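Residue-level structure breakdown
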Amino acid sequence: MLKRASSTTRVKSGLPFAVKWRRDWQMVLLMIPGVLFLLVFFYLPVLGNVVAFQDFQPYLGIMHSEWNGLQNFVNLYDNPDFWDALRNTLVLAAVQLLLFFPVPIGLALIVDSLVSNRVRRWFQTIAYLPHFLSWVLVVTLFQQSLGGAGFLNNLLRQAGLDPIPFMTNPDTFPLLVVAQLIWKDAGWAMIIFLAALTTVDVSLYEAAAADGAGRWRRLWHITLPSLRTVIVLLLILRIGDILSVGFEQFILQRDSVGPGAAEVLDTFTYYAGVVGGDWSSGAAAGLAKGVVGALLLWGANSLAHRLGEPGIFQRRS
């Protein structure tokens with residue numbers, strides 16, 4: 001039986017290309033738009049990283065600009081503005097990771113515990129909607145609510161109290177950014193955890209309840225362990241993308257709180273490369289950010305393997 005199975009496997013894997021094409025051509029055609037999208041917008045732009053090793057001049061182009069090796073990286077690391085942007089990026093990323101990441105998990109647990117399907121649908125709809133708003137509109141809504149002439153400060157003035165600079169205080173800017181992110185994207189991020197909760201065997205809850213386990217014990221011993229793999233997977237992806245804390249959200253509020261608080265690597269790359277015309281320094285900053293992100297992704301995935309989790313990719317044994 002083993003020999004027959006192995007021979008069958010070899011026959012299936014060794015099918016001629018024409019047979020495979022007649023069998024799967026519809027799926028190949030469906031893949032073409034996605035492959036072209038990735039090729040044009042993700043892979044071809046990678047070739048532009050060569051600018052980071054040149055004294056790039058737009059009127060000369062990539063082919064005729066002079067090579068200067070690692071000098072752009074040396075200039076970048078000697079630039080104090082780059083280190084200020086890196087520090088702000090790490091601080092904001094840490095605050096987002098600590099305060100934002102648990103919120104979708106909590107929302108998914110709340111929605112999953114709702115008995116009424118009607119209430120659950122309404123809750124999900126309300127939580128999803130802000131995700132479809134642009135950052136321009138989100139910042140505008142916060143400005144109208146928390147700004148100097150906003151709704152809350154007008155109430156404080158009417159009560160005889162001093163207004164609070166919610167939108168212009170550099171010290172509390174990380175908390176403001178996380179509040180905006182939670183309001184906009186926590187409901188959307190909740191979808192993945194809700195999908196994971198649907199795979200939990202209901203009989204486990206029934207058996208635990210029959211043994212006298214309360215709601216919190218069922219949550220701790222059944223629900224959270226069932227979400228562990230998904231939580232680790234998303235945490236790895238977030239760590240790999242930790243240097244990308246956002247662009248539109250920060251560039252819209254950069255002038256109100258100052259570059260000292262809102263300048264991150266993405267905005268630094270934009271102002272140095274596009275606005276300032278130093279394309280090589282901007283490309284060097286973007287390339288350094290990508291390399292560090294890839295190393296963080298690899299390290300987090302390796303740590304997940306050591307903890308017994310599958311991670312996002314594995315070596316074939």
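With an unreviewed UniProt entry as reference, the chain is termed Sugar ABC transporter permease, source organism Kribbella capetownensis. UniProt, in its Sequence similarities (unreviewed entry) section for the chain, records the words "Belongs to the binding-protein-dependent transport system permease family." Taken from UniProt, the Subcellular location (unreviewed entry) comment for the chain reads in full: "Cell membrane".

**Description of the overall build of the chain**
Assigned secondary structure in the chain consists of 17 helices and two strands. The C-alpha atoms of the chain give 25 Å as radius of gyration, which overshoots the globular expectation for 317 residues (20 Å, by more than 25%). Sequence-distant contacts, at least 24 apart, represent 63% of the contacts inside the chain between residues at least 6 apart. With an accessible surface of roughly 20,400 Å², the chain has 67% of that area assigned to carbon and sulfur atoms. Taking the average location of the 23 positive side-chain charges in the chain and that of its 20 negative ones, the two points are 20 Å from each other.

**Focus on the packing of aromatic side chains**
In this structure the tally under the stated criterion is 13 aromatic pairs. On the basis of an interplanar angle of 75° and a centroid distance of 5.3 Å, the ring pair of Phe82 and Trp83 is categorised as edge-to-face. Under the relative-accessibility criterion, Phe82 is labelled buried at 5%. Aromatic pair Tyr128 and Trp188: ring centres 6.5 Å apart, planes at 80°, arrangement edge-to-face. Taken together, the residues Tyr128 in helix H7 (residues 117–128) and Trp188 in helix H10 (residues 173–197) connect sequence positions 60 residues apart. A relative accessible area of 37% places Trp188 in the partly exposed class.

**Observations concerning helix H5 (residues 80–99)**
When the terminal C-alpha atoms of H5 are compared, their 29 Å separation across 20 residues agrees well with the 28 Å that a helix rising 1.5 Å per residue should span. Among all positions of H5, only Phe82, Ala85, Leu86, Asn88, Thr89, Leu92, Ala93, Val95 and Gln96 are buried. If you check the start of H5, you find a side-chain oxygen 3.0 Å away from the backbone N of Asp81, and it comes from Asn79.

**Remarks on the UniProt feature "transmembrane region" (unreviewed entry) in the chain**
According to UniProt, the positions carrying the feature "transmembrane region" (unreviewed entry) are residues 27–46, 90–111, 132–152 and 186–207. Summarising residues 186–207: 82% helix, 0% strand, and an end-to-end C-alpha distance of 32 Å.

Conventions and cut-offs
- Residues numbered from 1 in each chain as written.
- Predicted model: local features only at pLDDT ≥ 70, side-chain atom pairs only at ≥ 80, totals over all residues.
- Heavy atoms only, no water.
- UniProt positions renumbered as here; feature names shortened; annotations may be inferred.
- Helix = DSSP H or I, 4+ residues; strand = E, 2+ residues; numbered from the N terminus.
- Rg over C-alpha atoms; globule rule 2.2 N^0.38 Å.
- Contact = heavy atoms within 4.5 Å.
- Areas by Shrake-Rupley, 256 points an atom, 1.4 Å probe, with all protein chains shown as cover.
- Lys, Arg positive; Asp, Glu negative; His and termini not counted.
- Charge placed at Lys NZ, Arg CZ, Asp CG, Glu CD.
- Phe/Tyr/Trp six-rings, centres within 6.5 Å; stacked < 30°, edge-to-face > 60°.
- Buried < 20%, exposed > 50% of the residue type's maximum accessible area, 1.4 Å probe, protein only.
- Expected span 1.5 Å × (residues − 1).
- Polar contact = N/O pair within 3.5 Å; in protein donor to acceptor, adjacent residues only side chain to side chain.

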